[in-house]
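# Topology and contacts: notes
One-letter residues, chain by chain:
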Amino acid sequence: MARTVKGTLTIEGQEIQITNPDKPLWPEVGITKAIYLQKLAAISPYLLRYCRGRLLTTIRYPHGVDGESFYQKNAPEPLPPFVSTYVHEGINYVMLNGLPELLWLGNLAALEFHPSLHLAGDVLPCEWMIDLDPSLPEEPRIMEATAIVGDVLHSLGIASVPKTSGATGVQIIVPIPEGITFDELRSVGQFVGQYVTEKHPKLFTIERLKKNRGDKIYFDYLQHYSGRTLAAPYTPRARRLATVSTPLSWEEVQRDVSPTDFHLLNIEQRLKERGDLLQALPPQPIGDIIRHLNAKGKPASKRKG
């Protein structure tokens, strides 16, 4: 039987049991569990900002990125006393509200953090996200597509921040004022998605079935909805290069940066130099577009899903 090495961290007065600190989690880039926990602590002020108060889904890789994985929605047992949970639709979600909880999950080899798009106990979105999802395993046109969508939003008077998903795609994030609903954002997303698809039919598609998308980039305005998740800003991803979902400047999009440029080994330095690009943007006047669409007889869909 393999020997289990254990230790204890005391973080903010809470004791966290650490097991197998030398276990390789991203072997190709030399990241062990101990290094991972150090990196999580370094990025925690940024990652926690977009997870705190939300319903958390994690993806766990007990044997590292090359091993099997599973989604964890229900809080794992036993729960330390410092971990709080929230029951939503029969699922007992972990509330990722602080560094002790984050490192506890890190020790459990939770390598990805996917929070709900709304706060626990609320039905309104925290922000708006458009998901650009490539159909190809590698998509050299992803930044071109991102720039096009950003330009369309800008033409509508909406500033936005793109972020790499950490995998192959990009999400475009728009801070919103309070009171906007998921249905209203879907109506705007459908409007923008149809527009860019008509203007660039070889690049974009709004086809829901993956088998029918060919090589096009899926403009997904449906994923942003209650009960669904998208990768949090600054979450690590279980990809071989330990990429991190990273907000970008539009100048970087124009330079055609690669999602693999941003990873656990350099994200700390980037945050020291650039800070959180999402925090620089105030809520955008998206209500103006919603009122315009409603006036044209295109009210937000009420269909759930």
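Only a predicted model underlies this, so the values are computations on that prediction, with no experimental measurement involved.

About the thresholds
Along each chain, numbering runs from 1 in the same order as the chain's sequence is written. Side-chain atom pairs in this predicted model are given and counted only at pLDDT of 80 or more, local residue features only at pLDDT of at least 70, and totals for whole chains, interfaces and linings cover all residues. For the side-chain quantities, the full set of heavy atoms in the structure was used; hydrogens and water were omitted. Salt bridges are identified by distance alone: a Lys or Arg side-chain nitrogen within 4 Å of an Asp or Glu carboxyl oxygen. To qualify as a helix, a DSSP run of H or I must reach at least 4 residues; to qualify as a strand, a run of E must reach at least 2; elements of each kind are numbered from the N terminus. Note on exposure labels: buried denotes an accessible area under 20% of the residue type's maximum, exposed denotes more than 50%, and partly exposed covers the range between, all computed with a 1.4 Å probe on protein chains only. Convention adopted: a line fitted to C-alpha atoms gives each axis, helices being fitted over their contacting stretch, and angles between N-to-C directions are expressed from 0 to 180 degrees. Our angle categories are set so that under 35 degrees counts as roughly parallel, over 145 as roughly antiparallel, 65 to 115 as roughly perpendicular, and the remainder as oblique. Any two residues whose heavy atoms approach within 4.5 Å at even a single point are treated as in contact. As a working rule, the residues Ala, Val, Leu, Ile, Met, Phe, Trp, Tyr, Cys and Pro are called nonpolar, Asp, Glu, Lys and Arg charged, and the rest polar, with Gly in that last group. Note: crossing handedness is left-handed where the near helix turns anticlockwise from the far helix by less than a right angle, and right-handed where it turns clockwise. Domain limits in this description derive from either an automatic procedure or a database domain assignment. In short, buried area is how much 1.4 Å probe accessible area vanishes from two parts on joining, totalled over both. Any pair of nitrogen or oxygen atoms within 3.5 Å is treated as a polar contact; in protein, a donor-acceptor pairing is required on top of that, and neighbouring residues in sequence qualify only through side-chain atoms on both sides. UniProt positions are given in the numbering used here, feature names are shortened, and annotations may be inferred rather than shown by experiment. In this scheme Phe, Tyr and Trp rings, the latter by its six-membered ring, pair at centre separations within 6.5 Å, and the angle between planes marks the pair as stacked below 30 degrees, edge-to-face above 60, and tilted otherwise. Consider the ring centre and the ring normal. A charge sits over the ring if Lys NZ or Arg CZ is within 6 Å of that centre and within 35 degrees of that normal. Multiplying one less than the number of residues by 1.5 Å gives the expected span of a helix. Take the buried Ala, Val, Leu, Ile, Met, Phe, Trp, Tyr and Cys residues and link them wherever side-chain atoms come within 4.5 Å; each set so joined is a nonpolar core.

## Observations concerning the pattern of salt bridges
- In this structure the tally under the stated criterion is eleven salt bridges.
- Arg-54 serves as the salt-bridge partner of Glu-127, at 2.9 Å between the closest nitrogen and oxygen. Here Glu-127 is found in strand β10 (residues 127-134), whereas its partner Arg-54 is found in strand β5 (residues 54-60), with 73 residues between them in sequence.
- Residue classification places Glu-127 among the buried residues on the basis of a relative accessible area of 10%.
- Here Arg-54 falls in the buried class, since its relative accessible area comes to 8%.
- Shared partners join several salt bridges into a network, and the residues in it are Glu-252, Arg-270 and Arg-274.

## Comments concerning unusual backbone geometry
- Cis peptide bonds are those with omega within 30 degrees of zero, and the linkage from Glu-77 to Pro-78 qualifies with 0°.
- Along the chain, Pro-78 turns up in the loop between β6 (70-72) and β7 (85-88).
- Of note, Glu-89 is a non-glycine position whose phi angle comes to about 50°, a positive value.
- Its place among the elements puts Glu-89 in the loop between β7 and β8 (91-95).
- Phi is positive for Tyr-234, which is not a glycine, with a value near 75°.

## Observations concerning the packing of helix α4 (residues 182-199) against helix α7 (residues 286-295)
- Put simply, α4 and α7 touch, their axes get as near as 10 Å, and they point 80° apart. Between α4 and α7, the angle is such that the two are roughly perpendicular. Along the contact surface, α4 presents Glu-184, Leu-185, Ser-187, Val-188 and Phe-191, while α7 presents Ile-286, Ile-289, Ile-290 and Leu-293.
- Of the residues assigned to the contact of α4 with α7, the class counts are seven nonpolar, one polar and one charged.

## Side note on the packing of helix α1 (residues 33-47) against helix α6 (residues 267-274)
- Between α1 and α6, the shortest axis-to-axis distance is 10 Å and the interhelical angle comes to 35°. The crossing of α1 and α6 is left-handed. Touching Lys-39, Ala-42, Ile-43 and Tyr-46 of α1 are Ile-267, Glu-268 and Leu-271, all from α6.
- For the contact of α1 with α6, a count of residues per class yields five nonpolar, no polar and two charged.

## So, the domain arrangement of the chain
- Taken domain by domain, the chain comprises domain 1 (6-119) and domain 2 (127-289).
- Domain 1 and domain 2 are separated by 24 Å when their C-alpha centres are compared.
- With 26 residues of domain 1 in contact, the opposing surface of domain 2 contributes 31 residues.
- Buried area between domain 1 and domain 2, both sides added, is near 2600 Å², and the carbon and sulfur share of it is 64%.
- At the junction of domain 1 and domain 2, the tally comes to four salt bridges.
- Viewed at the interface, domain 2 and domain 1 are joined by eleven residue pairs in polar contact (both at pLDDT 80 or more).

## Comments concerning the UniProt feature "domain: DNA ligase D polymerase" (unreviewed entry) in the chain
- Under the feature "domain: DNA ligase D polymerase" (unreviewed entry), the UniProt entry names residues 32-277.
- Here residues 32-277 is 28% helix and 22% strand, with 29 Å between the C-alpha atoms at its ends.

## Thoughts on the packing of aromatic side chains
- Applying the stated rule across the entire model yields four aromatic pairs.
- Lying across the ring of Tyr-225, Arg-186 places its NZ or CZ 3.7 Å from the centre.
- The ring of Tyr-218 carries Arg-213 above its face, with NZ or CZ at 3.8 Å from the centroid.

## Points about helix α3 (residues 142-155)
- If you check α3, its first and last C-alpha atoms are 20 Å apart, about what 14 residues at 1.5 Å a residue would give, namely 20 Å.
- Taken across its 14 residues, α3 has ten buried, putting it largely inside the fold.
- Three or more residues of α3 are buried, namely Ile-142, Met-143, Ala-145, Thr-146, Ala-147, Ile-148, Val-149, Gly-150, Val-152 and Leu-153.
- Positive phi appears at Gly-157, one or two residues downstream of α3, with a value of about 85°.

## Observations concerning the environment of Gly-30
- The topology assignment puts Gly-30 in the loop between β3 (24-26) and β4 (31-32).
- Sequence separation of Gly-30 and His-292 is 262 residues, and the distance between their C-alpha atoms is 52 Å.

## Brief notes about the nonpolar core
- Trp-26, Tyr-36, Leu-40 and Phe-113 are the most contacted members of the largest nonpolar core, which totals 50 residues.
- Residue assignment for this core shows that the elements contributing at least two residues are β2 (14-19), β3, α1, β5, α2 (99-107), β9 (110-119) and α6.
- When residues of this core are assigned to domains, at least three map to each of domain 1 (6-119) and domain 2 (127-289).
- Apart from residues lying up to four places away in sequence, Tyr-36 is in contact with Leu-25, Trp-26, Ile-31, Gly-106, Ala-110, Leu-111, Phe-113, Pro-236 and Leu-264.

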